[in-house]
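# Observations on chain architecture
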Amino acid sequence: MEPRIFKFGTPYEEMFQSLAVTPEDEAYFTRNGVLQLCQRGAAVKRAPQRWQDMPSGDVSKHNVVIAFEERIFDAVMEDLQLREPTQEFRPIHVICLDTKDNPHEAARQGIVALRLCWMLEHSQDLDLEAAEIIDQFQQERDAETNIKILYQVCYL
């Protein structure tokens, strides 16, 4: 079967409908997990977004950015470093939880990411404590899984 390619901004619902046009398509894309990815994405937001298209003012509102692939982490870091600083010049904590790109690992690492987010959310001072929290989190992960964690702070 030919790959289906969608542009950024295509709503997940539209992708789902396109991938489930025939019973054969629906069975194929259910079996390989793509329809579940569309459903999971639709539960979070309307459509995939391209990070580089977000205005700096919107990006600077984020305290933490989590990527699930090292190449995405690198692209986010490069983008942040190339942007003109905002007047607020606030720190953005960029974290990579390098994850294999398949439905099983995505679900598994989603739970891991939630745990990290909870730890970061409950810090008294994120900017002072983030590195320590991530170190502690990495040590805990080493006992459970060999997930690679990258961390960098950028100012925007």
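The paragraphs below set out a description of the structure included in this document. Bear in mind that the values here come from a model prediction, so they are computed numbers and not experimental data.

## Looking at the side chain of aspartate 25
Its place among the elements puts aspartate 25 in helix H2 (residues 23-31). For aspartate 25, a relative accessible area of 11% puts it in the buried group. Ignoring any residue separated from it by four or fewer positions in sequence, one finds aspartate 25 in contact with Met1, Arg4 and Leu19.

## Describing the pattern of salt bridges
Within this structure, the stated rule accounts for seven salt bridges. With its nearest N and O atoms 3.3 Å apart, the salt bridge here joins aspartate 53 to arginine 50. The exposure class of aspartate 53 is exposed, given its relative accessible area of 54%. As a salt-bridge pair, aspartate 79 and arginine 83 come within 2.6 Å of each other at their nearest N and O atoms. Pair check on accessibility: aspartate 79 and arginine 83 agree, each one buried.

## Things to note about the packing of helix H1 (residues 12-19) against helix H3 (residues 34-44)
Following both chains from N to C, one finds H1 and H3 inclined at 160°, their axes separated by 9 Å at the closest point. Comparing their axes, H3 and H1 come out roughly antiparallel. In terms of crossing hand, the pair formed by H1 and H3 is left-handed. Contact residues: Tyr12, Met15, Phe16 and Leu19 in H1; Val34, Leu35, Cys38, Gln39, Gly41 and Ala42 in H3. Of the residues assigned to the contact of H1 with H3, the class counts are eight nonpolar, two polar and no charged.

Conventions and cut-offs
Residues numbered from 1 in each chain as written. Predicted model: local features only at pLDDT ≥ 70, side-chain atom pairs only at ≥ 80, totals over all residues. Heavy atoms only, no water. Helix = DSSP H or I, 4+ residues; strand = E, 2+ residues; numbered from the N terminus. Buried < 20%, exposed > 50% of the residue type's maximum accessible area, 1.4 Å probe, protein only. Contact = heavy atoms within 4.5 Å. Salt bridge = Lys/Arg side-chain N within 4 Å of Asp/Glu carboxyl O. Axes fitted to C-alpha atoms, helices over the stretch in contact; angles between N-to-C directions. Parallel < 35°, antiparallel > 145°, perpendicular 65-115°, else oblique. Left-handed = near helix turned anticlockwise from the far one by under 90°. Nonpolar A, V, L, I, M, F, W, Y, C, P; charged D, E, K, R; others polar.

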